Amino acid sequence: MIYAVIMSGGLGSRFWPKSRKGLPKQFLKIIGQKTMIENTVDRISTIIPRENIYVVTNQNYVGIIKKLLGFDNKNIFKEPLNKETASCIGLAAVKLLKKDFEATMVVLPSDHLIIGQEEFEQTIKRAIDVAQDGDYLVTMGVAPTRPEIGYGYIEVGDKIQDNVFRVKRFIEKPNLDVATSFIEKGNFLWNSGMFVWRADRLLREIKKYLPDLYKNLMRIYEYIGTEDEEKVIKEEYEKIDGISIDFGVMQRTHRAVVIPTNFVWDDIGSFTSLERFLSKDENGNIIQNCEAAVMDVKNTTIMGDKRLVAAIGIKDMLIIDTDDVILVCPKDRAQSIKDLVKKISSSEEFEKFI
Ligand SMILES: Nc1nc2c(ncn2[C@@H]2O[C@H](COP(=O)(O)OP(=O)(O)OP(=O)(O)O)[C@@H](O)[C@H]2O)c(=O)[nH]1
Ligand SMILES: O=P(O)(O)O[C@H]1O[C@H](CO)[C@@H](O)[C@H](O)[C@@H]1O
């Protein structure tokens, strides 16, 4: 059977202070009338029936998910701690495998923007076809338009089937020089962060490349469906060293293939990626959700709350105003918002603002 696994336990810290620990980005209406996770479920539910759509999330977000999606406990895989995407996907794999030995997983982040539903459906269906016989880890590649350092890059290898290519190399988040050279070479795609594979194949790759995580997952597998399941998940999660599926498995595996996509895709990872989808005034400014009094301000994004935002003589800046926090940051440091959040998370003084 085919299952969707939506990863939705992240903090969305590059979207701080709009995204908070109590209500991260995936639960906000960033673009359009629905939250990002609702859009994700709507998008995949035309291919996979809702009863086979699962959300993996931190235990703190179970209530929000039930409210937003109308899901019950059965379709929510709860994590006691955030240990990044390899464990999140690994947990989903063992949970699904316990009930279905032939489970194929369509793994989706909960916070992407995709335009082109028909093309999306075609790509996912093709990926399911390729993944189902169990040989491959299927990625979906996006033609790059800039040397983005926040993404993984896929070097496209030989064609193995119609529109399916071997992944020659997978390079997670290269530096700017390397990313620029990939764009110049022309045979690289961005990793979209969506994956399709059989649960048993993924676990075999985890066994090979992340043997400690594999042991944690196998102990969890043993206890699934017993009264000790939650306790054992917690015990094992406490031992896990967090790593992303990209660094942990995708950069190392020899079984990855890629399907080039032809829908509009963005991971809406940061305020600067969001601005590609919002309209600008004649000075290149985006003013969202507030009144702004500006003079000699160019190429600046102002997202407000209740107050008037006033600015003079600035360019290429982000000003994000919320009830209790104002963030001011040059656009080219937008990825550093995550570092700032990390830095202040451990401070007693600032913890309440995270
Ligand atoms: N269940 C679960 N989901 C996660 C975890 N880490 C990230 N995610 C989800 O995986 C997807 C990709 O996450 P990232 O963009 O790497 O992280 P993020 O927390 O959303 O954002 P940043 O903090 O800005 O990096 C998002 O849908 C996240 O909600 C985790 O530890 N557990
Ligand atoms: O966890 P991050 O930082 O969002 O990165 C992941 O998603 C990117 C696309 O959003 C991918 O390009 C990356 O390879 C990775 O899968």
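The protein chain is annotated in an unreviewed UniProt entry as mannose-1-phosphate guanylyltransferase from Thermobrachium celere DSM 8682. Per UniProt, the protein chain carries the Catalytic activity (unreviewed entry) text "alpha-D-mannose 1-phosphate + GTP + H(+) = GDP-alpha-D-mannose + diphosphate".

(A) Quick look at the site of ligand 1. As a matter of local geometry, ligand 1 sits amid 21 residues, with Met7, Ser13, Arg14, Glu79 and Lys338 nearest to it. In this structure, an oxygen atom belonging to ligand 1 sits 2.9 Å away from a side-chain N or O atom of Ser110. One of the side-chain nitrogen or oxygen atoms of Asp111 is found 3.5 Å away from an oxygen atom of ligand 1. When the free accessible area of ligand 1 is taken as 620 Å², the share hidden by the protein chains comes to 86%. More than half of the atoms of ligand 1 fall within 2 Å of the grid points belonging to the largest pocket. Every element with two or more residues in the shell around ligand 1 is listed here: β2 (53–58) and α3 (84–99). Here the element with the most residues in the shell around ligand 1 is α3; it accounts for three residues. Partitioning the shell around ligand 1 into residue classes produces five nonpolar, ten polar and six charged.

(B) Representation of the UniProt feature "domain: Nucleotidyl transferase" (unreviewed entry) in the protein chain within the structure. Per the UniProt record, "domain: Nucleotidyl transferase" (unreviewed entry) is found at residues 4–281. Helix makes up 37% of residues 4–281 and strand makes up 24%, while its end C-alpha atoms are separated by 39 Å.

(C) Focus on the sheet that holds strand β12 (residues 286–288). Spatially, four strands are ordered β12-β14-β16-β17 in an open sheet, and the strand pairing comes out mixed. Two strands in the sheet have a free side with no partner beyond their single neighbour: β12 and β17 (326–330). On average, adjacent strands in this sheet sit at an angle of 5 degrees to one another, irrespective of strand direction. Strand direction decides the pairing type here: strand β16 (residues 317–321) and β17, joined by five bridges, are antiparallel. Bridge pairing in β17 places Asp321 opposite Ile326.

(D) How the structure looks around helix α5 (residues 176–185). For α5, the side-chain oxygen to backbone nitrogen distance between the N-cap and Asp177 is 3.1 Å, and the N-cap itself is Asn175. Just downstream of α5 lies Gly186, where phi reads positive at about 90 degrees.

(E) Highlighting the UniProt feature "domain: MannoseP isomerase/GMP-like beta-helix" (unreviewed entry) in the protein chain. Under the present numbering, the feature "domain: MannoseP isomerase/GMP-like beta-helix" (unreviewed entry) in UniProt falls on residues 294–343. Secondary structure across residues 294–343 divides into 14% helix and 38% strand, with the first and last C-alpha atoms of the span separated by 31 Å.

(F) Region of interest: the pairing of strand β1 (residues 2–7). Burial analysis of β1 places six of its six residues in the buried class, which makes it a mostly covered element. Pairing of β1 with strand β4 (residues 104–109), which is carried by six bridges, proceeds in the parallel orientation. Directly across from Ile6, in β4, lies its bridge partner Leu108. Note that the unit made of β1, helix α1 (residues 36–44) and β2 has a crossover that is right-handed.

(G) Focus on the packing of helix α6 (residues 199–209) against helix α7 (residues 211–223). Between α6 and α7, the shortest axis-to-axis distance is 5 Å and the interhelical angle comes to 130 degrees. When the axis of α6 is compared with that of α7, the two are oblique. For the pair formed by α6 and α7, the contact residues are Leu203, Ile206, Lys207, Lys208 and Tyr209 on the first element and Pro211, Leu213, Tyr214, Leu217 and Met218 on the second. Class assignment of the residues belonging to the contact of α6 with α7 gives a composition of eight nonpolar, no polar and two charged.

(H) Broad picture of the site of ligand 2. For ligand 2, the full set of nearby residues is Arg14, His112, Tyr151, Gly152, Glu172, Lys173, Asn191, Ser192, Gly193, Asp246, Trp265 and Asp267. Gly152 has a polar backbone atom sitting 2.9 Å from an oxygen atom of ligand 2. At 2.6 Å from an oxygen atom of ligand 2 is found a side-chain nitrogen or oxygen belonging to Asp246. Calculation on ligand 2 without its partners gives an accessible area of 380 Å², and the protein chains cover 81% of this total. Structurally, ligand 2 is housed in the largest pocket. Ranked by the residues each element gives to the shell around ligand 2, the list is headed by strand β9 (residues 188–198), at three residues. Each residue belonging to the shell around ligand 2 can be placed in one class, and the counts come to two nonpolar, five polar and five charged.

(I) Layout of helix α8 (residues 229–239). Buried within α8 are the following residues: Glu229, Val232, Ile233, Glu236 and Tyr237. All buried residues of α8 lie within an arc of 135 degrees about the axis, which places them on one face of the element. Looking at the packing, one finds that the buried side of α8 touches β3 (76–79), α3 and α7.

(J) Seen up close, unusual backbone geometry. Note the cis peptide between Trp16 and Pro17, where omega equals 10 degrees. Mapped onto the elements, Pro17 comes out in the loop between β1 and α1. At Lys173, a residue that is not glycine, the phi angle is positive and equals roughly 45 degrees. When its relative accessible area of 41% is taken as the criterion, Lys173 is described as partly exposed. One non-glycine residue, Ile268, lies in the positive phi region at around 45 degrees. Summarising the element assignment, Ile268 is placed in the loop between β11 (264–266) and α10 (271–274). Overall, Ile268 belongs to the buried group, its relative accessible area being 0%.

Analysis parameters
Residues numbered from 1 in each chain as written. Chains lettered and ligands numbered in written order. Predicted model: local features only at pLDDT ≥ 70, side-chain atom pairs only at ≥ 80, totals over all residues. Heavy atoms only, no water. UniProt positions renumbered as here; feature names shortened; annotations may be inferred. Near = heavy atom within 4 Å. Polar contact = N/O pair within 3.5 Å; in protein donor to acceptor, adjacent residues only side chain to side chain. Areas by Shrake-Rupley, 256 points an atom, 1.4 Å probe, with all protein chains shown as cover. 1 Å grid on protein atoms, 1.4 Å probe; cavity = no way out; pocket = protein on both sides within 12 Å on 5 of 7 lines; lining within 4 Å. Sits in = over half its atoms within 2 Å of the grid points. Helix = DSSP H or I, 4+ residues; strand = E, 2+ residues; numbered from the N terminus. Nonpolar A, V, L, I, M, F, W, Y, C, P; charged D, E, K, R; others polar. Pairing = 2+ DSSP bridges. Axes fitted to C-alpha atoms, helices over the stretch in contact; angles between N-to-C directions. Buried < 20%, exposed > 50% of the residue type's maximum accessible area, 1.4 Å probe, protein only. Right-handed = clockwise from strand over helix to strand, strands pointing away. Parallel < 35°, antiparallel > 145°, perpendicular 65-115°, else oblique. Contact = heavy atoms within 4.5 Å. Arc of directions from axis to C-beta.

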